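These are the residues of each chain, in order.
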Amino acid sequence: MHLRLLISVCMLSFCAMSGSQSLMAQGDSVSLSFADSVARRLTLDEVTVSARRHEEPVVPVQALQGSRLQALSTQSVADAMRYFSGVQIKDYGGVGGLKTVDVRSMGSNHLGVFYDGIEIGNAQNGTVDLGKFSMENMEQVSLYNGQKSEIFQSAKDFGSAGTLYLRTRRPRFVGGKSYNVSLTMKAGTFGLANPSVLYEQRLTDNLHLSASAEFAYAHGRYHFRYRRLLPSGQVAWDTTAVRQNGDVRQWRAEVGLFGYMPEGKWHVKGYFYDSEKGIPGAIVNNVWKNAQRQWDRNAFVQGNLTKTITQGYDFLLSAKYSNDRMRYLNPDTTLMYIDNDFTQQEVYLSMAHRVILSGARSLVQEWQSSPVEWDVALSADYQYNTLAGNLANFVFPERHTVLVAAASQLYWTYVRAQASLLSTLVVDKLHQPALQQPSVIRQQPQFTPAVFVSYQPLPAEQFFVRAFYKHIFRMPTFNDLYYTDIGNISLKPEYTTQYDVGLQYDKQFAYGVVQQAGAKVDGYFNNVTNKIVAIPKGNGQYRWQMMNYGKVHILGCDANASVTFRLPAEVFLSAALSYTFQSARDLTDPHEITYGGQIAYIPWHSGSLTANLLWRGLTVNYSFIYVGERYHSSANIPVNYEQPWYTHDMSVSYEFALARAGKSHNTPRMQVAVEINNMFNQQYEVILNYPMPGINGKGIVKVMF
Amino acid sequence: MSKRRLSHICFSASWLLLLLTVAGCRHEVVIYNSETEQQGTAQYDAVAGFYLLCEGNMGSNKATLDYYDFLNATYHRNIYSEINPYVAKELGDVGNDLRIYGSRMYAVINCSNKIEVLDARTCIRIGQIDVPNCRYLCFSGGYGYVTSYAGPVSLNDHYEQIGYVARFDTATLQIIDRCLVGFQPDGIAVAEGKLYVANSGGYMVPNYENTLSVIDLATFTEQYRIPVAINLNRVCADSHGQLWVSSRGDYYGHPSRLYCVDTATDVVIDSVETSVSDFWLDGDSLYLYSEPWSYLGETFAASYCIVDVRTHRVVKSNFITDGTDRIIKKPYGVSVHPLTKQIYVTDAKDYVTPGTLYCFSRQGTLLWSVRTGDIPAHVAFLWR
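Residues numbered from 1 in each chain as written. Chains lettered and ligands numbered in written order. Predicted model: local features only at pLDDT ≥ 70, side-chain atom pairs only at ≥ 80, totals over all residues. Heavy atoms only, no water.

### Comments concerning the state of the cysteines
Phase 1: Counted according to the given criterion, the structure contains 0 disulfides over all chains.
Phase 2: In this structure Cys260 of chain B is not part of a disulfide, and its nearest cysteine sulfur, from Cys236 of chain B, lies 9.8 Å away. (Disulfide = S-S within 2.5 Å.)

### Description of the packing of aromatic side chains
One pair of aromatic rings is described through two measures. These are the centre distance and the angle between the planes.
Phase 1: Inspection of the entire model under this criterion finds 45 aromatic pairs over all chains.
Phase 2: A ring pair is formed by Phe463 of chain A and Tyr505 of chain A, whose centres lie 6.0 Å apart and whose planes are at 70°; its orientation type is edge-to-face. One end of the pair, Phe463 of chain A, is in strand β23 (residues 462-474); the other, Tyr505 of chain A, is in strand β24 (residues 494-508), and 42 residues separate them in sequence.
Phase 3: A residue is classified by how much of its surface remains accessible, and Phe463 of chain A, at 23% relative accessible area, is partly exposed.
Phase 4: By relative accessible area, which is 31% here, Tyr505 of chain A ends up partly exposed.
Phase 5: Plain terms: the ring middles of Tyr344 of chain B and Phe381 of chain B are 6.1 Å apart, the flat faces sit at 55° to each other, and that makes the pair tilted. Taken together, the residues span a long stretch of sequence, with Tyr344 of chain B in strand β28 (residues 343-347) and Phe381 of chain B in strand β31 (residues 376-383) at a distance of 37 residues. (Phe/Tyr/Trp six-rings, centres within 6.5 Å; stacked < 30°, edge-to-face > 60°. Helix = DSSP H or I, 4+ residues; strand = E, 2+ residues; numbered from the N terminus. Buried < 20%, exposed > 50% of the residue type's maximum accessible area, 1.4 Å probe, protein only.)

### So, the side chain of Asn621 of chain A
Residues and elements named next belong to chain A.
Phase 1: Mapped onto the elements of the fold, Asn621 is located in strand β29 (residues 618-627).
Phase 2: Look at Asn621 and you get buried, because its relative accessible area is 4%.
Phase 3: Setting aside anything within four residues of it in sequence, one finds Asn621 in contact with Ala71, Leu72, Ala611, Asn612, Asp649, Met650 and Ser651. (Contact = heavy atoms within 4.5 Å.)

### What about the nonpolar core?
Phase 1: One finds Val77, Met81, Leu130, Phe133, Val141, Leu164 and Leu166 of chain A to be the most contacted residues of the largest nonpolar core, which totals 42 residues.
Phase 2: Among the elements that line this core, the one with the most residues is helix α5 (residues 77-81) of chain A, at 4 residues. (Core = buried A, V, L, I, M, F, W, Y, C linked by side-chain atoms within 4.5 Å.)

### Topic: the confidence of the model for chain B
Phase 1: Averaged over all residues, the pLDDT of chain B equals 91, while 92% of them reach at least 70.
Phase 2: With a pTM of 0.87, the predicted complex shows an ipTM of 0.90. (pLDDT = per-residue confidence, 0-100.)

This is the structure:
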């Protein structure tokens, strides 16, 4: 155990030495996945890593980071998430198209998305469009089923059925450098032009600055093809058209300050995003283009502070203010004219405390063996949301949310366990036009538990057996409750209960061709009740009403395997395979044809394969994504059948020093990359009537100094 | 393990893998074939059958056409693409009305901005008439009339888009004239040489329209408007010089209601204390169903009644007598066989799954029911 810690510390310093250019780390004799796993264990908290005996997480994580993340041909976070098991992406196509993520078929509203440690909310509709988060400055994307393997966190971290953490790059200065600059230009099909700049400055030893900006434009046009055959095999019709109104123009700017102090650190970030895009819409008979447009402006300032007050007591403070504006315009004269403008604001405050009851040692102190490590944590969050809009009869809702979480984590020889209890209190305030006084709606307080257990039966092997249970809910969103004419004020929360059992095995080999191999498999059962669904109403006009109506049972299996080969001549080859089986059955109404049917757009089988070849500065990456047959409705009848789809993507990238002289870390470096996506030009749809692009490509040039 | 057995296992495994690969691959899509079911008992009279237009949810491009054949007592589901396999993207997005006039059938496909023109007997496509945001149809003297929401836009602060009625020649399928009416015109009917158009104002919430536009057929110009009630929906003319008009209400304080207009004087002469979603006139019986939604009570309560157009009274408070009404989730259309008086009620369920067509005897007992396309709504009877 002592040895492993030592290795980890060495690895950490090695990572720091090898610097910000992750490709270099691979060029040296460090295995990609090993470095990854170290980074994962330590989460790169160079300053306040607690030296605990058990670094393996209680809660399994799927993570993409560093060079592997960069090597995948991904424009947005949603693209990267296709490589995770248990995840289904709803992709409406194109550069600016909406992309939402559904983890283990519980619905996209059950995924909490955290950006640099603080949740990105959308009180209006609960869905975060992951298509708009650029990969350019992203360092790590990690997905937890249930919650993060950490109890020292804000109460909101306990509050979702699945949690996605997006972590942007933190400044690291190597070889005595005091600044880093990276300039990137991407250009490709769909008229994509995507320049970006990243600047990092060491202000003092304990204060680092990071600033980045990015612009992206794409006209978004691409050819798509629909084709049908007669039963005889002859072509009935074969139509190729150009996808229109998929243009996107977006700006992003971020400034971060990273401060370090004895036994503590802080981070403040400002974020600004502005976009205008066309909404390409459904392709239906006689309608081949659409005119709807959307403008988004998201701005937030957030910060957090972690500090060890005395030995064994830490606290974490977080705060955020965000202001988001969305405008939707439907200027199509053949449809109802809509010009909706919504502004959301959020104020968020959180405080978390952790007391280490047993087995705590700071990294700087001498390691002492302890048979039991036991922590308890208490966190409390307060959040205030408002939504203003220009709809008729709009109620301008305000929401106060108080979350309190108590959690404990216990490591006892080879057993690790984590338990948490979250209490949620929500009070909404409405300003109904007809009433003088605002009305107050108190939601029933909710208490939701989670338990995670992991057991390592063989002390010498990285083999774990684990299980978890989590009961959680999502609050009805402002749209669900109060959207004029559609919302239903009497909605109750939608609940999910998850049961999961899994195995994980990893092995590192000091010698031989195989450097690392690992596999994990999880079986799970999820129960979604009180599911909020739209039910039609009214007199033949398209009027809907949100109701707590649905019930879904999900039985699934996620499996992952990875291997890294150390080949002669400094060649490393790694491959990762993921597979998901899901039976997500609609059990809403036993009298309907939908009863027992697989819910809309969830394939029974899906998976991905990625392979990555490294040779010095050269990286070749191949990936294959497969989504099996599905139905676009839980009425699983032939007219609702959706074909499987699968794409092959490939990228080649080469990084080299621009000058021979000087110390290696100060030499300007350049990276050149080419990506080809959907190489075999498959014409497919993820969502009915939303054709996806065929073969497309991108070129990337990056200069770093 | 013997070597032979091992090779056998390997062979089986690779065979299984191959099978899985083939099953998991994409294949060419063949156009939909119709499905046929035996339903009811054969009957022979002057009515050969009826078509049912299923709307399909917006954006799904799933407007479909079903046909019931009385002689063979067979229900044919989704017949359009089999008969017209060469039409790209099939029938279209959101069916809104279906009428047979002469030897041709006209299907209003709202979000495909067209009227699909088919041969009424064979369902073979003859052509289409492009009308943006088209709603409802009627015919008179060789011309078709269709309401549309998509008239000229007035570029003021309120962005108002007036509706119109388009007149088309049923021989050439060309639009030959337009007549502006109120905002978001829906139902349309001909009586006394005049066209009556129900202006809804459905896009203008809460400033609904409340008038019927009266258009002189000879000059095709709007003569005047008759104030009736807010958010008008359907109109039909009876054989007693009366026009029956339904108002949707505003889903809050103004309930839905049925009104009667005298077509000689163009004055509202009566109203009937019933809410109405849609109706079907057969002889002197106006079959109507309603499912009034109120935000105040947050309730649905479907009712199925018959109004006698001579007495203006509800003569039967529930034309479904065997309790089947309790299992109908979302009534979406009613029609009556002109000879046997069998009653057809459609159920649109949750709009995104297949609906059901219920056939009742004239006494109101269930004879048969069948699965339809998504959102079954509009029926047109085909005479021999």
